[in-house]
Amino acid sequence: MRVSVIGCGYLGAVHAAAMASIGHEVVGIDVDQRKIDALSKGEAPFFEPGLPEILTEGTQSGRLSFTTDISAAAGAAVHFIGVGTPQQAGGYAADLTYVNAAIDSLLPHLREGDIVAGKSTVPVGTAAELATRVSETGATLVWNPEFLREGWAVQDTIDPDRLVAGVPEGPDGERAADILREVYAPAVAKGTPFIVTDYATAELVKVSANAFLATKISFINAMAEIAEATGADVTELADAIGYDARIGRKFLGSGIGFGGGCLPKDIRAFAARAEELGRGESIKFLHEMDAINMRRRDRAVELVVNGLGGSVFGKKVAVLGAAFKPHSDDVRDSPALDVAVRLNGLGANVVVTDPQAIDNARRLHPQLTYVADRDETLRDADAVVLVTEWDEYRREMAPEHVSTLTHGRVVVDGRNGLDAAAWRAAGWSYYGMGRP
Ligand code: NAD
């Protein structure tokens, strides 16, 4: 099938390459010339495991091309929209400028019978508004939210755990759902649940899934706050409640909380939309989840300050991690980087390392010092702070080895990923999040 993908960022570039890898003829379109130049050469403009391989394969086979010229979308049967929907400047609502611009630029190139499939995360009600403009061209709009996880994006796109299609009522909607089934044929053939529903439900599935995940993380972090006041250990608590199949251990990792380009802005946009709908009360708790999440960053900073005897001024602090999570170079709203910036603001000599995210971090926060090599980062540090749970820091960093490099013996484990007993045994003052 001929497919176009408009917006080639973390979502769109992977989607375009994945669609080519399952056999479609794909053109990826973006307004960012630098991104398109890289992608056209088969180079991934960001770090995502598995992406370089399918990009190279796609571009070399001739099935995958990239351009800044929107007219290249003409002739495709399905047009995916994967442009950004960031938080509005000065507010919590989603900024739909890019979605509207993408649709406007696409309209002149649509033909009767084309499918426009929105993948961007949008406030409920957006698809219904856009549908009229799309249907005037004879095309049909579907909303096909994306659930990929950065770091596993290729696998999640090719082999998702479910597919959701919000379609209009009637034969156009049924036909659109059939075409999407054809696009995702390998997953559908495997028996992947394919949920056909209305626009509002499809939009809400995405934001409610994110709201649930954010709530689960903030729940355990709220327990961490209580643990800190009582001497309890939140990691043992999480293990113990996680054995209950109704609860489950996944997403009960306590630490400095969630961040990234999705969860924070999505729960805020959801709350803003609920207010507009007169249902602000229904998800008022999301404000609390957001607040708990942000407090954990304060707590990590506090642990470093206390660990260093009340002030970080003039002390060297080695910060391990800049990405919002491992297996990604994404630093959008990264709690790791936020902790580093706050410590820098308190007068610490902050040195940050990360296996993938240094370039992105430097662009955002040039005031920090970045060092690619982990051991160089640790050298002569007064305190070590783990903020992104890369294996390089969590599993492959023996305290005895770190002791040979650092000046001080203070370690703050912002992800509860280190073996506290091993670090203490090696002579370190270990501080976890919600742990004694
Ligand atoms: P991103 O910023 O990495 O990518 C967005 C891309 O759209 C950019 O490359 C930008 O240049 C391009 N763009 C903007 N306006 C355009 C236009 N008019 N025409 C063509 N291209 C245009 O963002 P992202 O992380 O890929 O997220 C995109 C959407 O997908 C968001 O709504 C996000 O919430 C959603 N989403 C993201 C993920 C994720 O893990 N990143 C997961 C699920 C859903």
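Residues numbered from 1 in each chain as written. Predicted model: local features only at pLDDT ≥ 70, side-chain atom pairs only at ≥ 80, totals over all residues. Heavy atoms only, no water.

**Thoughts on the site of the ligand**
Residues in close proximity to the ligand total 27 residues, the closest being L11, D30, K35, T85 and K265. At 3.1 Å, a backbone N or O of Y10 approaches an oxygen atom of the ligand. Between the ligand and the protein, one listed contact pairs an oxygen atom with a backbone N or O atom of L11 at 2.8 Å. A total of 820 Å² of accessible area belongs to the ligand in isolation, and the protein chains cover 89% of it. (Near = heavy atom within 4 Å. Polar contact = N/O pair within 3.5 Å; in protein donor to acceptor, adjacent residues only side chain to side chain. Areas by Shrake-Rupley, 256 points an atom, 1.4 Å probe, with all protein chains shown as cover.)

**A word on the layout of surface pockets**
Computed from the structure, the second largest pocket encloses a volume of approximately 230 Å³. As for the second largest pocket, its lining consists of 17 residues, and the residues nearest its centre are L96, P123, T126, E129 and E276. In terms of residue class, the lining of the second largest pocket is made up of nine nonpolar, four polar and four charged. (1 Å grid on protein atoms, 1.4 Å probe; cavity = no way out; pocket = protein on both sides within 12 Å on 5 of 7 lines; lining within 4 Å. Points joined across faces, edges and corners; volume = space filled by probe spheres on them. Nonpolar A, V, L, I, M, F, W, Y, C, P; charged D, E, K, R; others polar.)

**Concerning the sheet that holds strand β9 (residues 316-320)**
Strand pairing in a sheet relies on backbone hydrogen bonds, with the paired strands running either antiparallel or parallel. The parallel open sheet is built from six strands, whose spatial order is β11-β10-β9-β12-β13-β14. Sheet topology places β11 (369-370) and β14 (429-432) at the edges, where each strand pairs with a single neighbour. Relative to strand β10 (residues 349-353), β9 is paired through five bridges, and the arrangement is parallel. Bridge pairing in β10 links V319 to V352. Here helix α12 (residues 285-307) sits on the sheet and contacts β9, β12 (383-386), β13 (410-413) and β14; the angle it forms with β13, its principal contact strand, is near 170 degrees. Contacts from helix α13 (residues 335-345) reach β9, β10, β11 and β12, with the element oriented near 160 degrees to β10. (Pairing = 2+ DSSP bridges. Helix = DSSP H or I, 4+ residues; strand = E, 2+ residues; numbered from the N terminus. Contact = heavy atoms within 4.5 Å. Axes fitted to C-alpha atoms, helices over the stretch in contact; angles between N-to-C directions.)

**Brief notes about empty space enclosed by the protein**
If you walk through the whole model with that rule in mind, you get three cavities of 30 Å³ or more. Quantified by volume, the largest cavity comes out at close to 80 Å³. Along its surface, the largest cavity is lined by T85, A94, T121, V122, P123, V124, V207, K265, D266, A269, F270 and R273. Ranked by the residues each element gives to the lining of the largest cavity, the list is headed by helix α11 (residues 263-276), at five residues. Residues belonging to the lining of the largest cavity are distributed by class as follows: seven nonpolar, two polar and three charged. Counting contributing residues per domain, the lining of the largest cavity is built from domain 1 (2-197) and domain 2 (233-436), each supplying no fewer than three. (Domains from an automatic or database assignment.)

**Description of the domain arrangement of the chain**
Note: interface size is frequently given as the accessible area lost on complex formation between the parts. By domain assignment, the chain separates into domain 1 (2-197) and domain 2 (233-436). Between domain 1 and domain 2, the C-alpha centre-to-centre distance is 33 Å. Tallying the contact residues gives 18 residues for domain 1 and 19 residues for domain 2. Of the roughly 1,500 Å² buried at the junction of domain 1 and domain 2 (both faces included), carbon and sulfur atoms supply 55%. (Buried area = accessible area lost by both parts, 1.4 Å probe.)

**Here's the deal with unusual backbone geometry**
We note that H327 has phi near 65 degrees; this positive angle belongs to a residue other than glycine. Within the secondary structure layout, H327 lies in the loop between β9 and α13. Positive phi outside glycine occurs at D333, with the angle close to 45 degrees. As for its placement among the helices and strands, D333 is situated in the loop between β9 and α13.

**Considering the pairing of strand β7 (residues 163-166)**
Every second residue of β7 is oriented toward a common face, with L163 and A165 on one face and V164 and G166 on the other, all of them buried. As defined by bridge partners, β7 adjoins strand β8 (residues 194-197) across four bridges and the pair is classed as parallel. Directly across from A165, in β8, lies its bridge partner V196. (Buried < 20%, exposed > 50% of the residue type's maximum accessible area, 1.4 Å probe, protein only.)

**Some details on the side chain of S120**
By the element assignment, S120 lies in the loop between β5 (115-118) and α5 (126-135). Judged by relative accessible area, which is 3%, S120 ranks as buried. Once you skip the residues sitting within four places of it in the chain, S120 turns out to touch I81, G82, V83, T85, V99 and W143.

**Focus: the packing of aromatic side chains**
Applying the stated criterion to the full structure yields four aromatic pairs. Judged by centre distance (4.4 Å) and plane angle (40 degrees), the ring pair of Y10 and F46 falls under tilted. In this pair, Y10 is assigned in the loop between β1 (2-6) and α1 (12-21) and F46 in the loop between α2 (33-40) and α3 (51-61), connecting sequence segments 36 residues apart. Here Y10 falls in the buried class, since its relative accessible area comes to 16%. For F46, a relative accessible area of 7% translates into the label buried. Its end group placed over the ring of F147, R162 keeps NZ or CZ at 3.6 Å from the ring centre. It is R409 that lies over the ring of W428; its NZ or CZ is 5.7 Å from the centre. (Phe/Tyr/Trp six-rings, centres within 6.5 Å; stacked < 30°, edge-to-face > 60°. Lys NZ or Arg CZ within 6 Å of the ring centre and 35° of its normal.)

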